[in-house]
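# Chain and residue survey
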Protein chains: 2
Amino acid sequence: VSDGVEGQERIYLDGNSLGPPTPRVAEALAAWVRDWGEHLIGGWNELGWWDLPVTVGDRIARLVGAAPGQVVAADSVTVNLYRLLEAAVALRRDRRRVVTAADDFPTDRYLVASVAARAGMEVDAVPIGSLADAVGDDTAVVVASHVHYRTGELADMARVNVTAHHRGALVLWDLSHSVGAVDAALDATDTDLAVGCSYKYLNGGPGAPAWTYVAHRLLESMPNPIPGWVGHLEPFAMADRYVPAAGIRRMLSGTPPVAGLAALDAALEAFDGWTPGMLREHSLTLTGRFLDHVDTTLAGVGFELVTPRARERRGSQVSLQHPQAYAVVQACIDAGVVGDYREPGICRFGFAPRLLTVADVDAAAERIAAVMRAGSWRDPRFAERRTVT
Amino acid sequence: VSDGVEGQERIYLDGNSLGPPTPRVAEALAAWVRDWGEHLIGGWNELGWWDLPVTVGDRIARLVGAAPGQVVAADSVTVNLYRLLEAAVALRRDRRRVVTAADDFPTDRYLVASVAARAGMEVDAVPIGSLADAVGDDTAVVVASHVHYRTGELADMARVNVTAHHRGALVLWDLSHSVGAVDAALDATDTDLAVGCSYKYLNGGPGAPAWTYVAHRLLESMPNPIPGWVGHLEPFAMADRYVPAAGIRRMLSGTPPVAGLAALDAALEAFDGWTPGMLREHSLTLTGRFLDHVDTTLAGVGFELVTPRARERRGSQVSLQHPQAYAVVQACIDAGVVGDYREPGICRFGFAPRLLTVADVDAAAERIAAVMRAGSWRDPRFAERRTVT
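Residues numbered from 1 in each chain as written. Chains lettered and ligands numbered in written order. Predicted model: local features only at pLDDT ≥ 70, side-chain atom pairs only at ≥ 80, totals over all residues. Heavy atoms only, no water.

### With respect to the environment of G231 of chain A
All names here are of chain A. To keep it simple, the criterion reads: Every helix listed is a DSSP run of H or I at least four residues long, and every strand listed is a run of E at least two residues long, numbered separately from the N terminus. Relative accessibility thresholds used throughout: buried, under 20% of the residue-type maximum; exposed, over 50%; partly exposed, between the two (1.4 Å probe, protein chains only). Residue contacts follow a heavy-atom distance rule, with two residues in contact if any of their heavy atoms lie within 4.5 Å.
Relative to the elements of secondary structure, G231 occurs in the loop between α8 (216-219) and α9 (258-268). For G231, a relative accessible area of 0% translates into the label buried. Separated by 17 residues in sequence, G231 and I248 have C-alpha atoms that sit 8.8 Å apart. Those residues within four positions of G231 in sequence are excluded, and the remaining contacts are Y242, V243, P244, A245, R249, R250, L252 and S253.

### Section: the confidence of the model for chain A
Residue and element names in this part refer to chain A. Stated precisely, the cut-off is as follows: A score between 0 and 100, pLDDT records how confident the predictor is in each residue.
In this model, chain A carries a mean pLDDT of 96, and residues with pLDDT of at least 70 account for 97%. Taken together, the stretch residues 1-6 has pLDDT below 50 and engages in 16 contacts with residues farther than four places along the chain or on a different chain. Both scores are given for the predicted complex: the pTM is 0.96, the ipTM 0.96.

### As for the relation of the copies chain A and chain B
Stated formally: Copy-to-copy superposition: least squares on the C-alpha atoms, limited to residues that have pLDDT of at least 70 in both copies.
Screw-axis analysis of chain A against chain B gives a translation of 0.0 Å along the axis, an RMSD of 0.0 Å, and a rotation angle of 180°. Given the turn and translation reported, the copies of this chain are related as if by a two-fold rotation axis. Looking at the interface residues of chain A, 100% of them are also at the interface in chain B, so both copies use one shared face.

### As for the packing of helix α10 (residues 276-295) of chain B against helix α12 (residues 358-374) of chain B
Residue and element names in this part refer to chain B. For clarity, the cut-off: Axis angles are defined between N-to-C directions and span 0 to 180 degrees, where every axis is a line fitted to C-alpha atoms and, for a helix, only to the segment in contact. When an angle is under 35 degrees it counts as roughly parallel; over 145 it counts as roughly antiparallel; between 65 and 115 it counts as roughly perpendicular; any other value is oblique. Left-handed describes a crossing whose near helix is turned anticlockwise from the far helix through less than a right angle; right-handed describes the clockwise counterpart.
Interhelical geometry of α10 versus α12 gives an angle of 30° and a closest axis separation of 9 Å. Compared by their axis directions, α10 and α12 come out roughly parallel. The handedness of the crossing between α10 and α12 is right-handed. Facing α10, whose interface residues are T285, L286, R289, F290 and H293, α12 presents V358, V361, D362, A365 and I368.

### Here's the deal with the packing of aromatic side chains
Threshold: Think of it this way: a Phe, Tyr or Trp ring, Trp meaning its six-membered ring, pairs with another when their centres are within 6.5 Å, and the plane angle makes it stacked under 30 degrees, edge-to-face over 60, tilted otherwise.
Evaluated as defined, the whole model comprises 25 aromatic pairs over all chains. Aromatic side chains Y110 of chain A and Y242 of chain B sit 5.3 Å apart centroid to centroid with 65° between the ring planes, which places their arrangement in the edge-to-face category. Placement of Y110 of chain A in helix α5 (residues 106-119) and of Y242 of chain B in the loop between α8 (216-219) and α9 (258-268) is noted, with the two residues assigned to different chains. Centroid distance W44 of chain B to W49 of chain B: 5.5 Å. Interplanar angle 90°. Geometry classified as edge-to-face.

### Overview of the sheet that holds strand β7 (residues 139-145) of chain A
All names here are of chain A. As a reminder of what qualifies: DSSP bridges decide pairing: two strands pair if at least two such bridges lie between them.
On the basis of which strands lie adjacent, the open sheet formed by 7 strands has the order β4-β10-β9-β8-β7-β5-β6 and mixed pairing. Whereas interior strands pair on both sides, the edge strands pair on one side only; in this sheet they are β4 (71-73) and β6 (122-126). Across the sheet, the axes of successive neighbouring strands diverge by a mean angle of 15°, strand direction being ignored. Judged from the 4 bridges that link them, strand β5 (residues 97-101) and β7 form a sheet pairing that is parallel. Within the sheet, the bridge partner assigned to V98 lies in β7 and is V141.

### Some points on the nonpolar core
Just so we agree on the cut-off: Here, the term nonpolar core denotes a set of buried Ala, Val, Leu, Ile, Met, Phe, Trp, Tyr and Cys residues that are joined through side-chain atoms within 4.5 Å.
Counting 204 residues, the largest nonpolar core has L131 of chain A together with L131 and W211 of chain B as its most contacted members. If you look at the next biggest cluster of nonpolar residues, it comprises 34 residues, including Y326, V328, A365 and A369 of chain B.

### Comments concerning the state of the cysteines
Residue and element names in this part refer to chain A. As a reminder of what qualifies: We call a pair of cysteine sulfur atoms a disulfide whenever their separation is within 2.5 Å.
All told, the structure shown has 0 disulfides over all chains when counted by the stated rule. This cysteine, C347, is not joined by any disulfide, and C332 carries the nearest cysteine sulfur, 6.7 Å off. In this structure C347 comes out as buried when scored by relative accessible area, which is 0%.

### Comments concerning α12 of chain B
Residue and element names in this part refer to chain B. Threshold: Helix span is expected to be 1.5 Å times the residue number reduced by one.
Its 17 residues place the ends of α12 24 Å apart at the C-alpha level, agreeing with the 24 Å of an ideal helix rising 1.5 Å per residue. Looking at α12, one finds that the buried residues are V361, A364, A365, R367, I368, A369, V371 and M372. Where α12 terminates, the next one or two residues include G375, which has phi positive at roughly 65°.

### Observations regarding α9 of chain B
With respect to burial, α9 of chain B is a largely interior element, 10 of its 11 residues being buried. Within α9 of chain B, burial applies to V258, A259, G260, L261, A262, A263, L264, A266, A267 and L268 of chain B. Summarising the contacts, the buried residues of α9 of chain B are in contact with α9 of chain A together with α1 (23-39), α2 (43-46), α3 (52-63) and β4 (71-73) of chain B.

### Focus on the interface of chain A and chain B
Inclusion rule: What counts as buried area is the accessible surface, traced by a 1.4 Å probe, that two parts surrender upon association, with contributions from both included. Counted as salt bridges are all cases of a side-chain nitrogen of Lys or Arg within 4 Å of a carboxyl oxygen of Asp or Glu. N or O atoms closer than or at 3.5 Å make up a polar contact, with two conditions inside protein: a donor-capable atom paired with an acceptor-capable one, and, for residues adjacent in sequence, both atoms drawn from side chains. For this classification, Asp, Glu, Lys and Arg are treated as charged, while Ala, Val, Leu, Ile, Met, Phe, Trp, Tyr, Cys and Pro are nonpolar and the rest, including Gly, are polar.
Between chain A and chain B, the contact holds 74 residues from the first and 74 residues from the second. Summed over both sides, the interface between chain A and chain B buries roughly 6300 Å², with carbon and sulfur atoms accounting for 66% of that surface. In terms of surface lost to chain B, no three residues of chain A exceed W36, Y110 and M238 of chain A, which account for 12% of the buried area on that side. Across the contact surface, chain A and chain B share 4 salt bridges. On the surface where chain A and chain B come into contact, there are 25 residue pairs in polar contact (both at pLDDT 80 or more). Those elements that place two or more of their residues in the side of chain A that touches chain B are α1 (23-39), α2 (43-46), α4 (77-91), α5 and α9 of chain A. Residue contributions to the side of chain A that touches chain B peak at 8 residues, all from α1 of chain A. Here the residues of the side of chain A that touches chain B sort into 40 nonpolar, 20 polar and 14 charged.

### Let's talk about the environment of L29 of chain B
Assignment of secondary structure puts L29 of chain B in helix α1. With 230 residues separating them in the primary sequence, L29 of chain B and A259 of chain B have C-alpha atoms 7.2 Å apart.

### Re unusual backbone geometry
The peptide bond linking E343 of chain A to P344 of chain A adopts the cis configuration, its omega dihedral lying at -20°. Along the chain, P344 of chain A falls in the loop between β14 (340-342) and β15 (346-350). Phi at L40 of chain A is positive, roughly 45°, even though this residue is not glycine. Position of L40 of chain A among the secondary structure elements: in the loop between α1 and α2. Of the residues examined, L40 of chain A reaches a relative accessible area of 2% and is grouped as buried. Of note, M238 of chain B is a non-glycine position whose phi angle comes to about 50°, a positive value.

### Focus: the packing of helix α4 (residues 77-91) of chain B against helix α5 (residues 106-119) of chain B
Residue and element names in this part refer to chain B. Close contact between α4 and α5 brings their axes to 10 Å; oriented N to C, the two are set at 30°. By the angle between their axes, α4 is roughly parallel relative to α5. With respect to the hand of their crossing, α4 and α5 are arranged in right-handed fashion. Contact with α4, carried on its side by T78, L81, Y82, L85, E86 and V89, involves T107, D108, L111, V112, V115, R118 and A119 of α5 and no other residues of that element. Partitioned by chemical class, the residues of the contact of α4 with α5 number 8 nonpolar, 2 polar and 3 charged.

See the structure below:
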């Protein structure tokens, strides 16, 4: 993951925002266009395009502790989250409250506010560590990120699930900032519903198809609020009445985005032979090493640590607060360490376990320290905001 | 669009189901993966990924008679249609009826039924030629395909729009089976809302991002029922409250599907220099020629014409009924003419104006006639159903 930045290798600590392509992705896309030209409409059958949401879904399932047949890949995270949130609220429509994490990723907040308002429900937004405590007998659904995008804090999935189920509520997790790095055990923790991103740690490419998980035990009664032809029991019967497909296919809506799925399928090959536990262990090694540097190499240069230190409370990123965080991040990028900035005041460094070594972490910390000691972030060109960061 | 089928060139009359790739698509995808690896997260700014839904949308706008700034490309047709239908119903929530085309494409029917039921509205499903007559003072929205997927009948967009507006209703057109072949004049006919497919006549690839059109005059008050971060006025402010973006960006929800958009953008280059009128004229020449063959070359071989003959009432496909239509289509494919089968009993032949010549139409008709005269469709192997057709 590197090319020349002022004669150095670039160290990419932003795989938690957009992972890089593996060589297999280029090959797979080239093959896909050739196949499309040859098979044309026949590709849906002959090349397995029709089943890609399920076959790619099963590859992802393995990385989140889910048995096959519970994950489909298609659409954006926003659409997947909307679909499950509407469904969850419909399944608990006699209840009046939605519990969510405060300052969660904007899409999550906007959807929770919109869906709850429409269902006539109130929203309780609490710190990610207080989700379980906020659940009451009137809670319809708990919806929260597994790892907080800004702070890197990891939720206690098992405890939240147990508490919510005890009160009769459903739980919907957004694994966008954990899948591929943190060992979510969806089946073992009795998770109800989940969604996740594929272009961060999974390296599926910008805007790669996201995914939806629905626990086997819920599938039969799961409504799809966006009922499209692809989720129908018999899509080519062109039947008048919508009858949902058996199993996880019922959560599909429109025609599968094959280009994105082909790229993602190829990207996931990099995870063959890696268990969620192996990914998590290496991720903890990387973040642990960086946290050591925060106390040593980076001590006294002006950062304040935001991410919880405890192993069981941190995801795969380390967030550092700084009064001029935006300029600091730009200066670090200029010095060959790519992190990103998040409002307000956060330098975010992500550690993709399939891409980085401890030596990368050491080199990154040294370069960041050099930027801070030299005060090079004070250069006015680093203060200039770009549209997208 | 051809390769060897028993020593002959294959004639592809299924571009109305899935268009073929142009050489530019392979180049563009290869370049895209290289760029992604080089620019990584910077690609959102530096390579224009963030704006692709709008820039690709403007390329499509030109083909449907829409001024720039009214079309965005992202998500599936199903999701785009759902979004606009929910919005339209919300904008006319004091009314009680939805008018739609009978036997429309399944996704359209399922969404209309679901959204109307939820809004407490009744559905009036009428023949595509009777849409205008069905509009009443209690109609909230008219939603229908511009060209019917099964019969190839073309709706009278201008008349429906005028009638609906006279009664205070909104109109939402699904241009999946017309964009790239029929000259929809969305602005000139005062259309309110539209969606369309990009993998049929536009050749964007299987499951390519679909698109949404919202008339300028409606944009300011247009709600987005799937409010995500990408449609926010300031996506990177990570603001607590959802404030929609100015203009057509407000209809976006999640992160743009860049692989699919890059392929589609390249595919659309084939339409540079082609006006909607030119596409329509050539399409009419092709379908007119095939209709001539139906009366001559294909007379007396067992087909019944389903598509209206009149220029102003037909789209870019010709549908023929036959008691053994499924087997007939398979036998034609075997003889090098690729059409498709649609329930119940329809052989569907699509004529993509950017791909086909009159000579292709003549050759196709001759081959179909030969299949029918020889009765080769009676071969039992042609009766065997595949999952996806």
